[in-house]
Number of protein chains: 2
Amino acid sequence: MVAESELNTGVLLFLPYRALENRVFAALADAGFDDFTPAQARVMQRIGPDGTRLTELAEQAQITKQTAGFLVDQLEKAGYVTRVPDPTDRRARLVCGAAKAHAAKEVADAVVAEVEREWEEHLGKRRMKQLREALTLLREITDPWA
Amino acid sequence: MVAESELNTGVLLFLPYRALENRVFAALADAGFDDFTPAQARVMQRIGPDGTRLTELAEQAQITKQTAGFLVDQLEKAGYVTRVPDPTDRRARLVCGAAKAHAAKEVADAVVAEVEREWEEHLGKRRMKQLREALTLLREITDPWA
DNA sequence: TGACATTGGTCAGAGTCTCTGACTACTTTG
DNA sequence: CAAAGTAGTCAGAGACTCTGACCAATGTCA
């Protein structure tokens, strides 16, 4: 369990992922969205346009529903999300993104687009396309929610 | 900050990364290496063959040196690493992997190789090569330590 | 229909991870 | 040598995550 000279594919995937996440998080903070944490963001990211149940958020983020509940509480207090009753199941409530969340998403999307442009510039159009293609294909066997 | 239908490259990178990490961690636990946490593993991974300074571990893992020190303490107690004085600087100590860490690394490497085989099978030899090529190239602009 | 298992969610408590700030000891620089 | 920088630790606090126990609503099926 000690580093070796050659990098495995896992590290290779992680490095650009982290670089992107750092850029997005920094831009968000610059834009005034500095009142949520990375952990909260990872949950917020997974809220669908029509709201998403807590349990589903927990599964997709691979955390327990207790943890998800804890994080959603903070997001609710900070005004990023609201909880509304699920009309189809009286046990459940839907976590919905508030206006503040959508505003933050616009900033985040812009940065992601910018970084993707930079990557494409470095890799070239062809290789960038191949990268996305391979990753999309890989999703079939690595994403339990594909 | 709410999910949309199309996946950005960040998520695309993260999904296989997480899948791989989960597999490795599960295999390690199966093999009896269940006395360290993911956070500790992320530090341990970065120890070089001749030992690495705490500060350098912290930088590469993008955590503070205090946090790194905390995690190395746990790893030391569990017998995965030792701290030896750095002969070139009396302020510093080198964190070195112990036998137990090398044994764990063997297990981890085997699983990584297995997963990479599975991915290659799914993508085809050509696309897998393109994927690694693109990621390696991307490292130039996303890895501060490249 | 009515017992029983399942599912969505919460409460309580504990352990782990991470940070900021302040500090000591050693090294480098001029 | 004095000043500045670097390696690491200590102390304290906040954030994240888990396990276990629990309640309420839903689904299953004899």
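Numbering of residues starts from 1 in every chain and runs along the sequence as written. Each chain gets a letter, beginning with A, and each ligand a number, beginning with 1, in the order they are written. Given that this is a predicted model, residues contribute local features only at a pLDDT of at least 70 and side-chain atom pairs are listed and counted only at 80 or more, while totals for whole chains, interfaces and linings are drawn from all residues. Side-chain numbers come from the whole structure's heavy atoms, not from hydrogens or water.

**Regarding helix α5 (residues 99-123) of chain A**
Stage number 1. A run of H or I in DSSP becomes a helix once it reaches four residues, and a run of E becomes a strand once it reaches two; helices and strands are each numbered from the N terminus. Here the expected length of a helix is defined as 1.5 Å per residue gap, with one fewer gap than residues. Look at α5 of chain A: 36 Å from first C-alpha to last across 25 residues, which is about the 36 Å you get at 1.5 Å a residue.
Stage number 2. Taken together, the buried positions of α5 of chain A are Ala-101, Ala-104, Lys-105, Ala-108, Val-111, Val-112, Val-115, Trp-119 and Leu-123 of chain A.
Stage number 3. It only takes one pair of heavy atoms within 4.5 Å for two residues to be counted as in contact. The inward-facing, buried residues of α5 of chain A contact α1 (9-30), α2 (38-44), β3 (93-97) and α6 (125-142) of chain A together with α1 (9-30) and α6 (125-142) of chain B. Buried means the residue's accessible area, taken with a 1.4 Å probe over protein chains only, is under 20% of the maximum for its type, while exposed means over 50%, and partly exposed covers the values in between.

**Things to note about the sheet that holds strand β1 (residues 52-53) of chain A**
Residues and elements named next belong to chain A.
Stage number 1. If DSSP finds at least two bridges between two strands, the strands pair. Across the sheet, which stays open at both edges, the 3 strands sit in the order β1-β3-β2 with antiparallel pairing between neighbours. Two strands in the sheet have a free side with no partner beyond their single neighbour: β1 and β2 (81-85).
Stage number 2. Summarising the sheet, β1 and β3 pair through 2 bridges and their orientation is antiparallel. The residue of β3 that forms the bridge with Arg-53 is Leu-94.
Stage number 3. Helix-sheet contacts for helix α4 (residues 65-77) involve β2 and β3, and the interaxial angle to β2 is about 115°. In this analysis an axis means a line fitted to C-alpha atoms, helices contributing only their contacting stretch, and an angle means the value between N-to-C directions, from 0 to 180 degrees.

**Considerations on the protein's contact with DNA strand C**
Stage number 1. A single heavy atom is enough: if one lies within 4 Å of a molecule or strand, its residue is considered near that molecule or strand. Residues in contact with DNA strand C amount to 21 residues; listed here are only the nearest, Lys-65, Arg-91 and Arg-93 of chain A together with Thr-37 and Gln-66 of chain B.
Stage number 2. Take Arg-93 of chain A: an N or O atom from its side chain is 2.4 Å from a phosphate oxygen of DNA strand C.
Stage number 3. In this structure, a phosphate oxygen belonging to DNA strand C sits 2.9 Å away from a main-chain N or O atom of Thr-64 of chain B.
Stage number 4. Only α3 (54-61) and α4 of chain A together with α2 (38-44) and α4 (65-77) of chain B provide two or more residues apiece to the surface near DNA strand C.
Stage number 5. Counting residues per element, the surface near DNA strand C draws most heavily on α4 of chain B, which supplies 4 residues.
Stage number 6. Partitioned by chemical class, the residues of the surface near DNA strand C number 6 nonpolar, 7 polar and 8 charged. Under this definition, polar contacts are N or O atom pairs within 3.5 Å; protein pairs additionally need one hydrogen-donor-capable and one acceptor-capable atom, and for neighbouring residues in sequence, both atoms have to be side-chain atoms. Residues are grouped as follows: nonpolar covers Ala, Val, Leu, Ile, Met, Phe, Trp, Tyr, Cys and Pro; charged covers Asp, Glu, Lys and Arg; every other residue, Gly included, is treated as polar.

**Notes on the interface of chain A and chain B**
Stage number 1. The interface of chain A with chain B comprises 59 residues on the first partner and 59 residues on the second.
Stage number 2. Summed over both partners, the interface of chain A with chain B buries about 5700 Å², with 66% contributed by carbon and sulfur atoms.
Stage number 3. Salt bridge, as used here, is a side-chain nitrogen of Lys or Arg placed within 4 Å of a carboxyl oxygen of Asp or Glu. Here chain A and chain B share 2 salt bridges between them.
Stage number 4. Across the pair Arg-127 of chain B and Glu-133 of chain A runs a salt bridge, and its minimum N-O distance is 3.2 Å.
Stage number 5. Counting across the chain A and chain B interface gives 14 residue pairs in polar contact (both at pLDDT 80 or more).
Stage number 6. For the side of chain A that touches chain B, the secondary structure elements donating two or more residues are α1, α2, α3, α5 and α6 of chain A. When two parts are brought into contact, each loses some accessible area as probed by a 1.4 Å sphere; the total of that loss over both is the buried area.

**Digging into the domain arrangement of chain A**
Residue and element names in this part refer to chain A.
Stage number 1. Here the bounds of each domain stem from an automatic or database domain assignment. What the domain assignment lists for chain A is domain 1 (34-97) and domain 2 (99-140).
Stage number 2. With centres defined by C-alpha atoms, the gap from domain 1 to domain 2 works out at 24 Å.
Stage number 3. Contacts between the two partners involve 6 residues from domain 1, matched on the other side by 5 residues from domain 2.
Stage number 4. Both faces combined, the contact of domain 1 with domain 2 buries some 410 Å², and carbon together with sulfur accounts for 62% of it.
Stage number 5. Area buried by domain 1 at its contact with domain 2 is led by Gly-79, Tyr-80 and Gly-97, which between them contribute 72% of it.
Stage number 6. Here domain 1 and domain 2 share 1 salt bridge between them.
Stage number 7. Taking the shortest distance from any N to any O, the salt bridge between Lys-100 and Asp-35 comes out at 2.8 Å.
Stage number 8. Counting every contact that joins domain 1 to domain 2 gives 2 residue pairs in polar contact (both at pLDDT 80 or more).
Stage number 9. Here the residues of the side of domain 1 that touches domain 2 are counted per class, giving 3 nonpolar, 2 polar and 1 charged.

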